[in-house]
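The chain contents come next:
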Amino acid sequence: MAEKETVCFRTSIGGQALMEGILMRGVDRQAIVCRGDGNGFVTKVEELKLVKEKYPFLGLPFIRGVVNFLDSMIKGVSALMWSAEQLPEDEQGEPDKLDLWLQKHFPDDRAEKLIILVSVALGILLAVGLFAVLPTLLAGLLNKLVPLHIFRGLAEGVFRLVIFLSYLWLCSRLPDIRRVWMYHGAEHKTIFCYEHGKELTVENARTESRFHPRCGTSFLFLVVFVSIVVFSLITTESTLERLGLHLLLLPIIVGISYELIKLAGRYDNAFTRIISAPGKALQHLTTAEPNDEMLEIAITALKLVLPNAPGSDSW
């Protein structure tokens with residue numbers, strides 16, 4: 001049984017690992033802190049404009065999951081692009097042909113927004129293709145060889161899980177991704193340090209766990225798991241019909257998964273530890289032990305988004 005951790009409270013502050021930096025997102029603002037050319041850090045703080053403030057119904061349970069997922073993707077890609085621009089020139093990659101075409105035909109600010117939207121769209125298409133379309137097609141081919149009948153949904157789920165785990169494993173083998181995983185570990189350790197009521201220092205953060213229940217890895221696993229359960233209810237034998245239904249049900253699956261990750265982040269009991277366990281196990285692939293500079297960057301980013309009213313960031 002997992003060891004129960006004592007926390008002062010659970011914060012809604014979350015983060016994302018970037019290229020040589022970290023994004024921390026608080027209640028009303030977000031901060032990006034990256035390693036600079038010299039010994040200092042480069043920071044960027046932005047006020048958050050939440051869409052649910054303008055359209056309150058978008059903050060309702062099961063709807064908010066899809067909205068927050070898309071919003072996090074857009075802000076995350078934007079932060080990732082900004083962090084890449086802060087790298088020393090000899091570490092920066094060359095812009096691809098699409099980026100160059102957009103920069104040539106549109107003003108700088110509009111080109112940046114288009115690049116972000118295209119990146120998000122391509123990311124969603126890749127995820128849907130890998131984890132929704134491909135497993136359905138593979139199970140359809142297998143069904144022609146060996147009739148699966150009621151086990152077709154299970155076969156799709158097995159393919160989906162294998163593809164997901166293989167994707168994470170392959171990413172973890174890339175040297176450049178290794179440093180991103182180290183920043184990911186620094187983000188988790190720093191948030192745990194804050195939740196445990198300790199002073200935000202490198203020494204204190206260093207002793208914390210890098211496996212956090214409210215993590216993007218855990219959320220993605222829940223999406224895969226919930227999709228297996230929901231898609232198993234589909235009875236049609238037509239591969240095209242199954243594909244269509246899978247796409248239609250994706251927002252519902254994301255919404256359910258988001259509510260589950262909120263439960264895991266808010267409570268510590270037998271149920272939440274069970275639903276958190278697989279995601280935390282996968283964090284052995286998607287996080288790594290950070291160095292002290294990475295922890296210092298994470299602490300700096302977290303301090304920049306701490307709420308003015310203590311406790312207003314309670315999850």
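Throughout, residues of each chain are indexed from 1 in the direction in which the sequence is written. Reporting in this predicted model follows two pLDDT cut-offs: at least 70 for local features of residues, and 80 or more for side-chain atom pairs to be given and counted; totals over whole chains, interfaces and linings ignore these cut-offs and use all residues. The side-chain values count all of the structure's non-hydrogen atoms but skip hydrogen atoms and water molecules.

Student: Is there a simple way to think about the pairing of strand S2 (residues 21–25) in this case?
Tutor: Every other side chain in a regular strand lies on the same face of the sheet, so the side chains alternate between the two faces. Working definition: with a 1.4 Å probe on protein chains only, accessible area under 20% of the residue-type maximum means buried, over 50% means exposed, and in between means partly exposed. Helix numbering and strand numbering both begin at the N terminus, where a helix is a DSSP run of H or I of at least 4 residues and a strand a DSSP run of E of at least 2. Across the 5 residues that make up S2, a large majority, 5, are buried. Pairing between two strands is assigned when DSSP locates at least 2 bridges connecting them. For strand S1 (residues 14–18) and S2, the ladder comprises 5 bridges, and the chain directions are antiparallel. Across the sheet, residue Ala-17 finds its bridge partner in S2, namely Ile-22. Joining the antiparallel neighbours S1 and S2 is a turn of 2 residues, in which Glu-20 adopts a positive phi near 55°.

Student: Where do I start with the sheet that holds S1 in this structure?
Tutor: The strands making up a sheet associate through backbone hydrogen bonding, with each pair oriented either parallel or antiparallel. The sheet built from 4 strands is open, its strands ordered S1-S2-S3-S4 with antiparallel pairing. For this open sheet the edge positions go to S1 and strand S4 (41–47), each flanked by a neighbour on one side alone. Taken over all neighbouring pairs, the strand axes of this sheet differ in orientation by 15° on average, direction set aside. Of the strand pairs in this sheet, S2 and strand S3 (residues 29–35) are connected by 5 bridges, and their pairing is antiparallel. Its bridge partner being in S3, Arg-25 is matched across the sheet by Gln-30. Working convention: axes come from line fits to C-alpha atoms, limited for helices to the stretch in contact. Angles between N-to-C directions cover 0 to 180 degrees.

Student: I'm lost on the confidence of the model for the protein in this one. Help?
Tutor: Predicted coordinates in regions of low pLDDT should not be interpreted in detail. By definition, pLDDT measures how confident the predictor is in each residue, and it falls between 0 and 100. Summing up the model confidence of the protein, the mean pLDDT is 88 and the portion of residues at 70 or higher is 90%. For the protein, the element scoring lowest by mean pLDDT is helix H3 (residues 97–105), at 64; helix H7 (residues 202–206) scores highest, at 97.

Student: I'm lost on the pattern of salt bridges in this one. Help?
Tutor: A side chain with one charge may pair with a side chain of the opposite charge, provided their charged atoms come close. Between Lys or Arg on one side and Asp or Glu on the other, a salt bridge is scored when a side-chain nitrogen of the former is within 4 Å of a carboxyl oxygen of the latter. Taken as a whole, this structure holds 17 salt bridges when the rule is applied. Note that Arg-10 is salt-bridged to Asp-268, the shortest N-O span being 4.0 Å. With Arg-10 in the segment before S1 and Asp-268 in the loop between helix H9 (239–266) and helix H10 (270–286), this pair connects stretches of sequence that are 258 residues apart. Classification of Arg-10 by relative accessible area gives buried; the value is 15%.

Student: What's the story with H10 in this structure? I'm lost.
Tutor: For an α-helix the count is 3.6 residues per turn, leaving residues at separations of three or four pointing the same way. Across its 17 residues, H10 extends 24 Å between first and last C-alpha, which sits within 8% of the 24 Å expected from 1.5 Å per residue. Residues of H10 that are buried: Thr-272, Ile-275, Ser-276, Gly-279, Leu-282, Gln-283 and Thr-286. Contacts are residue-level and defined by heavy atoms, with any inter-residue pair within 4.5 Å sufficient. If you follow the buried residues of H10, they end up packed against helix H5 (152–172), helix H6 (175–195), helix H8 (216–231) and H9. Throughout this description, a polar contact denotes any pair of N or O atoms lying within 3.5 Å of each other; where both atoms belong to protein, one of them has to be capable of donating a hydrogen while the other can accept it, and for residues adjacent in sequence the pair is counted only when both atoms sit in side chains. Two to three positions downstream of the cap, the backbone nitrogen of Phe-271 sits 3.1 Å from a side-chain oxygen, assigning the N-cap of H10 to Asn-269. Helix span, expected: 1.5 Å multiplied by one less than the number of residues in the helix.

Student: Any chance you could explain the state of the cysteines here in plain terms?
Tutor: Simply put, the disulfide is a covalent bond whose two ends are the sulfur atoms of two cysteines. For the purposes of this analysis, a disulfide is any pair of cysteine sulfur atoms at a distance within 2.5 Å. Within the structure shown, the criterion is met by 0 disulfides. You can see Cys-34 has no disulfide; the closest cysteine sulfur is in Cys-215, sitting 19 Å from it. Here Cys-215 is not disulfide-linked; the sulfur of Cys-171 is the nearest cysteine sulfur, at 14 Å.

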